[in-house]
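What follows is each chain in one-letter form.
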Amino acid sequence: FGSYFQIALKIFLIGLGILLVYLMYKIIKKETEDNDILFILLLSVLWLFPEVSGNNLEKVLSMLFLFFAFYLLYYSKIKFNWFYSGLLLSLSFFSSIQVMIFIIVMLGYHPFRSKAISISLKGKKSISLRPKKFIVLLKIIGIMLLIFLVLRYIYPNILSYTLFAHSIDPLYGFFEAAKHMLPSAFTDS
């Protein structure tokens, strides 16, 4: 049974890797308006191959959630895209703490992309702030905090698991740590 599970996991990871490459293609095509397949493949090999070629499901899922959140936030025209983006960013964070830096960069870039902060360096140099444009960013952060509080209520040890389990041993995944997330009344330890 173990070898069949490993084969199925590998096929699943390769499928997720293909989905990630497709998302990267969509994002790069929208940003550059170019079909630079070679650049996308190079980026995929350098960034995704180490994770997809291993057996670390949490890392691949975390990257998939992150890319979906990025795509929804910046390019999607669906209603409540901020809600889905915040939900996926939370899933990404709780799947792997290492993705937090990408989340910070992505949310830090949002005020500039949405023109909440405009910097003009031509002629008269100025910085303009539009507080109403920050609402989407605050909603996303609010969704992430709400999900954290709900998980903290359900699983009191979720913060220590998220912060320490991933950073101490990268092979210590969700399934191995599931018993540590539960309240002590439900475990024998």
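Keep in mind the model is a prediction, meaning the values are calculated, not measured.

Caption draft 1: The overall build of the chain, seen in detail. When its secondary structure is counted, the chain shows nine helices and two strands. Taken from the N to the C terminus, the helices and strands of the chain come in the order α-α-α-α-α-α-β-β-α-α-α. Looking at the chain as a whole, 37% of its 189 residues are labelled buried. Long-range contacts, defined as pairs at least 24 residues apart, comprise 61% of the intrachain contacts of the chain with a sequence gap of at least 6. Accessible surface computed for the chain: about 12,100 Å², of which carbon and sulfur atoms make up 72%.

Caption draft 2: Quick look at the side chain of N81. Its place among the elements puts N81 in helix α5 (residues 81-95). Assessed through its relative accessible area of 16%, N81 is described here as buried. Setting aside its immediate chain neighbours within four residues, N81 contacts L72, L73 and S76.

Caption draft 3: Expanded view of helix α4 (residues 57-74). Taking 1.5 Å of rise per residue, the 18 residues of α4 would be expected to cover 26 Å, and the 26 Å separating its terminal C-alpha atoms lies within 8% of that figure. The buried fraction of α4 is high, at 15 of 18 residues.

Caption draft 4: A look at the nonpolar core. Core analysis: the largest hydrophobic core is formed by 37 residues, its most contacted members being L89, I103, L107 and I140. Of all the secondary structure elements, the ones that give two or more residues to this core are α1 (2-32), α4, α5, α6 (100-113), α7 (135-154) and α8 (158-168). Ranked by residue count, the leading element in this core is α4, at 12 residues. Apart from residues no more than four positions distant in its own chain, L89 is found in contact with L66, A69, I103, M106, L107, I140 and M144.

Caption draft 5: Summary view of a nonpolar patch on the surface. On the surface, a cluster of nonpolar side chains totalling about 510 Å² of accessible area is made up of I78, F80, F83, Y84, L87 and L91. Following the sequence through the fold, L87 ends up in helix α5.

Caption draft 6: Summary view of the packing of α5 against α7. Contact geometry for α5 and α7: axes closest at 8 Å, N-to-C directions at 45°. By the angle between their axes, α5 is oblique relative to α7. The hand of the α5/α7 crossing is right-handed. On the side of α5, the interface is formed by W82, F83, S85, G86, L87, L89, S90 and F94, while α7 contributes V136, K139, I140, I143, M144, I147, F148 and L151. In the contact of α5 with α7, the residues fall into 12 nonpolar, three polar and one charged.

Rules behind the numbers
Residues numbered from 1 in each chain as written. Predicted model: local features only at pLDDT ≥ 70, side-chain atom pairs only at ≥ 80, totals over all residues. Heavy atoms only, no water. Helix = DSSP H or I, 4+ residues; strand = E, 2+ residues; numbered from the N terminus. Buried < 20%, exposed > 50% of the residue type's maximum accessible area, 1.4 Å probe, protein only. Contact = heavy atoms within 4.5 Å. Areas by Shrake-Rupley, 256 points an atom, 1.4 Å probe, with all protein chains shown as cover. Expected span 1.5 Å × (residues − 1). Core = buried A, V, L, I, M, F, W, Y, C linked by side-chain atoms within 4.5 Å. Patch = residues over 30% accessible without salt bridge, like charges linked within 9 Å, V, L, I, M, F, W, Y side chains within 5 Å. Salt bridge = Lys/Arg side-chain N within 4 Å of Asp/Glu carboxyl O. Axes fitted to C-alpha atoms, helices over the stretch in contact; angles between N-to-C directions. Parallel < 35°, antiparallel > 145°, perpendicular 65-115°, else oblique. Left-handed = near helix turned anticlockwise from the far one by under 90°. Nonpolar A, V, L, I, M, F, W, Y, C, P; charged D, E, K, R; others polar.

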